[in-house]
Amino acid sequence: MSGIKICGMGHYAPPKLMTNEDLTKIVDTSDEWITTRTGIKTRHHCVEETHADMCREAARMALKNAGVAPEEIGACIVATLTPDYLAPSAACLVQRDVGLPNDTVCFDLNGACSGFLFAMHTMECLLAASPRKYGLVIGAEMLSRFINWQDRGTCVLFGDAAGAAVVEWSEEYESIHALLGCHGDSDMLGVTGAGHADPPQIFMHGQPVFKFAVTAVPWCIDQVLARNGRTVDDVDFFVFHQANARIIDLAVRKYRIPEEKYYKNIERYGNTSAASIPTVLSELAQQGRVGSGSRVLLVGFGGGLTWGAALVEFK
Ligand code: COA
């Protein structure tokens, strides 16, 4: 036996809110269309804040809540596809801004909207070999910089935020048994990069991605429960990637998850990609709805196409 548990969570979102009403002044859309199709009412957009600012604030809050000092951190992974720089990595800037030791293993990881799950699994493996047993796992995105304002199908969906978890590795803990995968595809959903002459932009074919998501989510739940030898009743809380309220509602109905065991903040945040799962976890911890001993099932899906799930416990 060996694995990680969450010791503390933190999150940060820039104060500027873009409402559905604000968007109607930019593209041909309506509050009614956005609300009924996605469940989104507002999203946070950075104005003067940087990606590094969001990571720093989320990380400091997570360390404080965990009661862990920066010197105790052995590794820091930032799951992101929108860092301030392609190099230095966002994780190197966290090392500087939070004061992590110079020998902390710091790097970024791109698993798109499933990134936080890829990072948790990677951290579990890394800490097993680390002399310091605490790790910092951050999901952070500044997607507002890559919005295609000519595309009303995507420009209403995305927002900026960061969420952070301090985790501890121990031989006494069970593994999170993360289930991760991808189906390589460059057409359905993504953000363009060096292979394109124009500046990076988000692109998505909404309907096939929706179909992929509603298939991937229950498949991930079934697989991760089987892998852990658990049932739906053993789970204290379900945390879904917040891409569309309808995708979450379908899963909730399928598994008959009671209202007190799941949470949506998509109405206020929109889709914040790798930041969405840790932001939800941090809000839940802040509200006292998850805490010491809670067993939480995390499910994510997104560009890649990637998917991931894990069963994590709070210390
Ligand atoms: N406002 C008003 N109308 C809009 C609109 C907007 N913001 N965006 C699209 N439309 C229109 C389309 O132009 C289309 O009109 P038409 O029928 O006259 O051509 C109509 O609405 C339906 O478009 P469609 O793209 O089929 O809508 P949809 O019901 O599939 O909803 C999404 C669009 C994006 C909300 C939905 O497909 C979705 O949530 N997909 C999955 C997203 C996801 O999970 N992404 C992330 C993974 S990390």
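J.: Just checking my understanding: could you explain the pattern of salt bridges for this structure?
T.: Pairing is possible between side chains of opposite charge, provided their charged atoms come close. For the structure shown, the criterion picks out 13 salt bridges. Residue Lys41 pairs with Asp31 through a salt bridge whose shortest N-O separation is 3.2 Å. One end of the pair, Lys41, is in the loop between helix H2 (31–38) and strand S3 (42–44); the other, Asp31, is in helix H2, and 10 residues separate them in sequence. Residue classification places Asp31 among the partly exposed residues on the basis of a relative accessible area of 30%. Note that Asp249 and Lys264 form a salt bridge whose closest N and O atoms lie 2.6 Å from each other.

J.: Honestly, the site of the ligand in this entry has me stumped. Any pointers?
T.: Near the ligand you find 23 residues, and of these Thr29, Arg37, Arg152, Gln207 and Asn244 are the closest. At 2.7 Å, a side-chain N or O of Thr29 approaches a nitrogen atom of the ligand. Trp33 is positioned with one of its side-chain polar atoms (N or O) 3.4 Å from an oxygen atom of the ligand. Within the complex, 74% of the 960 Å² of free accessible area of the ligand lies under protein.

J.: Please explain the side chain of Asn244 as it appears in this structure.
T.: Here Asn244 lies in the loop between strand S11 (237–240) and helix H8 (245–254). Among the polar contacts made by the side chain of Asn244, one reaches the main-chain carbonyl oxygen of Arg37 at a distance of 2.9 Å. In this structure, Asn244 is in contact with Arg37, Thr38, Phe210 and Ile266, ignoring residues within four places of it in sequence.

J.: It is not clear to me how the packing of aromatic side chains should be interpreted in this structure. Could you clarify?
T.: Both the distance between ring centres and the angle between the ring planes are used here to describe each pair of aromatic rings. Scanning the entire structure with this criterion turns up three aromatic pairs. Seen in terms of ring centroids, Phe212 and Trp307 are 6.2 Å apart; in terms of plane orientation they differ by 55 degrees. Their pairing is tilted. Here Trp307 lies in strand S13 (residues 306–313) and Phe212 lies in helix H7 (residues 206–228), a separation of 95 residues in the sequence. Residue Trp307 is classed as buried on the basis of its relative accessible area, which comes to 19%. Connected via pairs of aromatic rings, a cluster forms that spans Phe212, Trp219 and Trp307.

J.: I'm lost on the packing of H7 against H8 in this one. Help?
T.: If you want to describe how two helices pack, look at the angle between their axes and the distance between the axes. In contact at an axis separation of 10 Å, H7 and H8 are set at 35 degrees when each is read in the N-to-C sense. In the crossing of H7 with H8, the sense of the turn from one axis to the other is right-handed. Residue-level inspection shows Phe210, Ala213, Val214, Val217 and Pro218 of H7 in contact with H8, the latter providing Arg246, Ile247, Leu250, Ala251 and Lys254. Classifying every residue of the contact of H7 with H8 gives eight nonpolar, no polar and two charged.

J.: Can you help me understand unusual backbone geometry in this one?
T.: Residues other than glycine predominantly adopt negative phi, and peptide bonds predominantly adopt the trans conformation. With an omega of 5 degrees, the peptide bond running from Ala87 to Pro88 counts as cis. With an omega dihedral of -10 degrees, the bond running from Gly304 to Leu305 counts as a cis peptide bond. Locating Leu305 in the fold gives a position in the loop between strand S12 (295–302) and S13. Of note, the phi angle at Ala112 is positive, near 50 degrees, even though the residue is not glycine. Secondary-structure assignment places Ala112 in the loop between strand S5 (105–109) and helix H5 (115–128). Of the residues examined, Ala112 reaches a relative accessible area of 9% and is grouped as buried. Of note in this structure, Arg256 is not a glycine but carries a positive phi near 50 degrees. Turning to its location among the elements, Arg256 is positioned in the loop between H8 and helix H9 (266–269).

J.: Just checking my understanding: could you explain the sheet that holds strand S6 (residues 134–142) for this structure?
T.: What holds strands together in a sheet is hydrogen bonding between their backbones, with the strands either parallel or antiparallel. Strands sit in the order S1-S7-S6-S4-S5 across an open sheet of five strands; the sheet is mixed. Looking at strand neighbours, the two that pair on one side only are strand S1 (3–12) and S5, the edges of this open sheet. The mean inter-strand angle of the sheet, taken between neighbouring strand axes irrespective of direction, is 20 degrees. Strand direction decides the pairing type here: S6 and strand S7 (residues 160–170), joined by nine bridges, are antiparallel. The partner of Gly135 across the bridge, within S7, is Val167. Strands in contact with helix H4 (residues 90–98) are strand S4 (73–79), S5 and S6; relative to S5, the strand with the most contacts, it is inclined by about 140 degrees. In the packing of H5 onto the sheet, contacts are made with S1, S4, S5, S6 and S7, and the angle to S4 comes to roughly 160 degrees.

Reading the values: rules and limits
- Numbers given for residues are sequential positions, taken from 1 along each chain in its written order.
- Given that the model is predicted, a residue must reach a pLDDT of at least 70 before its local features are reported, and side-chain atom pairs must reach 80 or more before they are shown or counted; all residues, however, enter totals for whole chains, interfaces and linings.
- Water and hydrogen atoms were dropped before computing side-chain values, which therefore reflect all heavy atoms in the structure.
- Salt bridge, as applied in this entry: a Lys or Arg side-chain nitrogen positioned within 4 Å of an Asp or Glu carboxyl oxygen.
- Helix and strand definitions here come from DSSP, where helices need a minimum of 4 consecutive H or I residues and strands a minimum of 2 consecutive E residues; each element is numbered from the N-terminal end.
- Each residue gets one of three labels from its accessible area relative to the maximum for its type: buried under 20%, exposed over 50%, partly exposed in between, using a 1.4 Å probe on protein chains only.
- If even one non-hydrogen atom of a residue comes within 4 Å of a molecule or strand, that residue is called near it.
- What qualifies as a polar contact is a pair of N or O atoms within 3.5 Å, subject to a donor-acceptor requirement within protein and to the restriction that residues adjacent in sequence count only when both atoms come from side chains.
- For the area figures, the Shrake-Rupley method with a 1.4 Å probe applies, and any residue is considered shielded solely by the protein chains shown.
- Contacts are assigned to residue pairs with any non-hydrogen atoms lying within 4.5 Å of each other.
- Any two rings among Phe, Tyr and Trp, with Trp reduced to its six-membered ring, count as a pair given centres within 6.5 Å; such a pair is stacked if its planes are under 30 degrees apart, edge-to-face if over 60, and tilted if neither.
- The angle between two axes is taken between their N-to-C directions and runs from 0 to 180 degrees, where each axis is a line fitted to C-alpha atoms and a helix contributes only its stretch in contact.
- A clockwise turn of the near helix away from the far one marks a right-handed crossing, whereas an anticlockwise turn of less than a right angle marks a left-handed crossing.
- When residue character is reported, Ala, Val, Leu, Ile, Met, Phe, Trp, Tyr, Cys and Pro are called nonpolar, Asp, Glu, Lys and Arg charged, and the others, Gly included, polar.
- Paired strands, in this sense, are two strands between which DSSP finds at least two bridges.

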